[in-house]
Amino acid sequence: MADNKMDQIFDKLQSVSDRYDELNELISDPEVIADTNRFMKLSKEEGSLRETVDAYNKYKAVTETLDEDQIMLKDKLDDDMTEMVKDEISTLEPQKAALEDQLKILLIPKDPNDEKNIIMEIHGAAGGDEASLFAADLYNMYVKYAETQGWKVQIIDEADTEVGGFKEIVLMITGDKVYSKLKYENGAHRVQRVPETESAGRVHTSTATVGVMPEEEDVDIKIDPADIRTDVYRSSGAGGQHINKTSSAVRMTHLPTGIVVAMQDERSQQQNRVKAMNVLKARVYEYYKEKEENQYNAERKSAVGTGDRSERIRTYNYPQNRVTDHRIGLTLNKLDKIMDGDLDEIIDALIVSDQADKLEHLNDDQA
């Protein structure tokens, strides 16, 4: 059975390798080079296969050498030569096993959204002022993490509170593979700490929700213009005379779902329209995606990790400087560093857990 699984994996790998060779020929063709859109599309596909093909070629080379070594051991060799061959085998066998594991992971179907930028919404939930302050802490944590990744963060919309927190803040985070890392932040985050206003020193529990949506392009979702009602109005807040005299703010309502997006971040109405449409697309896409997921999960109760925002995914315990991610049972006693943007250990663990789960399903499918 194990050999049959490996045969299926190698058949798939050979198909990937053949497609990679075909793509390299295509992107060298003058006609393809002249067609910019096609060239870019094929180059992107070629780049996405390169790591898998490189690992497969290494695996084939290691396997071939091991086969040759085994044949040599059957021949009559002197003691020194026999020892050399055995040493090489003991070195190559772990490499072969590691490459097999790597190739299995590389064959896991990719999330089509992983390469995308995101729109992140952070809401203060249960806990009043303390929840809004925690929402602000999460915002600062993600901004600092984005800086370590070389990503750009732009505030799209915000509703602050008198105590310096956020009822809601909406961000656009752009850069390399943003969704692939931050998609795991989708859900309810719980904080346990003593609020500054608490005179008796009692620990309070509050929550904030984080929504992570891939930024959608026209190819991903099409919204009928007839389904959108657009209202323009004067912006409020800082900005001087211009912001008060000009109807630059935009409110878009998607009539079929009732989703509303208001945008007044830019001084130009046209700029606000573009940004509002980007956010609206993402929210409508997420709405229908969650609807499909809920229907799927109702039919198949064994499904895990739906990303439902009502799930409590993580607890931040300030008195004990502890963070626990409940989905994978990971506890780290370095809350101070995590709130300062050091999220790598948590996100890496979530990625590994996700890969292991997908690998298990992949093996089940091949059984």
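Up top is the structure.
Residue indices follow the written sequence of each chain, beginning from 1 at its first position. Restriction of local features to residues with pLDDT of at least 70 applies here, the model being predicted, together with a cutoff of 80 or more for giving and counting side-chain atom pairs; totals for whole chains, interfaces and linings are based on all residues. Here the side-chain values reflect all heavy atoms present in the structure, with hydrogen atoms and water set aside.

Chemist: Give me the lowdown on unusual backbone geometry, citing residues and values where you can.
Modeler: Backbone geometry places Lys177, a non-glycine residue, at a positive phi of 50°. If you trace the backbone, Lys177 turns up in the loop between strand 3 (166-174) and helix 6 (178-182). Phi is positive for Asn321, which is not a glycine, with a value near 50°. Along the chain, Asn321 turns up in the loop between strand 9 (312-317) and strand 10 (322-325). Where helices and strands are cited, they refer to DSSP runs of H or I of at least four residues and of E of at least two residues respectively, numbered from the N terminus.

Chemist: Account for the sheet that holds strand 6 (residues 228-233), naming residues and giving values.
Modeler: Note on pairing: DSSP must find at least two bridges between two strands before they are called paired. A sheet is described by the order of its strands in space; here three strands give the open sequence 6-7-8, paired in antiparallel fashion. Of all the strands in the sheet, just strand 6 and strand 8 (259-263) have a single pairing partner and so form its edges. Shown here is a sheet whose adjacent strand axes are inclined to one another by a mean of 15°, direction ignored. The pairing of strand 6 with strand 7 (residues 249-254) spans six bridges and is antiparallel. Opposite Val232, over in strand 7, you have Val250 as the bridge partner. Under this scheme, a helix contributes an axis fitted over its contacting stretch, all axes are lines through C-alpha atoms, and angles between N-to-C directions fall in the 0 to 180 degree range.

Chemist: So, the pairing of strand 2 (residues 152-160): which residues are in play, and what are the values?
Modeler: Two strands pair when backbone bridges link them, and strand 2 and strand 3 are joined in this way by eight bridges, in the antiparallel orientation. Residue pairing across strands places Ile155 opposite Leu171, the latter belonging to strand 3. In this antiparallel pair of consecutive strands, strand 2 and strand 3, the connection spans five residues, and Gly164 shows a positive phi of 95°.

Chemist: A description of the pattern of salt bridges should follow, citing residues and the corresponding values.
Modeler: The term salt bridge refers to a pairing of a side-chain nitrogen on Lys or Arg with a carboxyl oxygen on Asp or Glu at a separation within 4 Å. In this structure the tally under the stated criterion is 15 salt bridges. Two residues, Glu22 and Arg19, come together in a salt bridge whose shortest N-O distance is 3.2 Å. With Glu22 and Arg19 both in helix 1 (residues 2-26) and three residues apart, the pair spans about one turn of that helix. The exposure class assigned to Glu22 is partly exposed, which follows from its relative accessible area of 40%. As a salt-bridge pair, Arg50 and Glu46 come within 2.6 Å of each other at their nearest N and O atoms. Note that Arg50 and Glu46 are positioned in helix 3 (residues 36-74) at a spacing of four residues, about one turn of the helix. Note on classification: 1.4 Å probe, protein chains only; a residue is buried when its accessible area is under 20% of the maximum for its type, exposed when over 50%, partly exposed between these limits. In this structure Glu46 comes out as buried when scored by relative accessible area, which is 7%. Connected via shared salt-bridge partners are Glu185, Arg314, Asp325 and Arg327.

Don't take any of this as a statement about function, it's just geometry.
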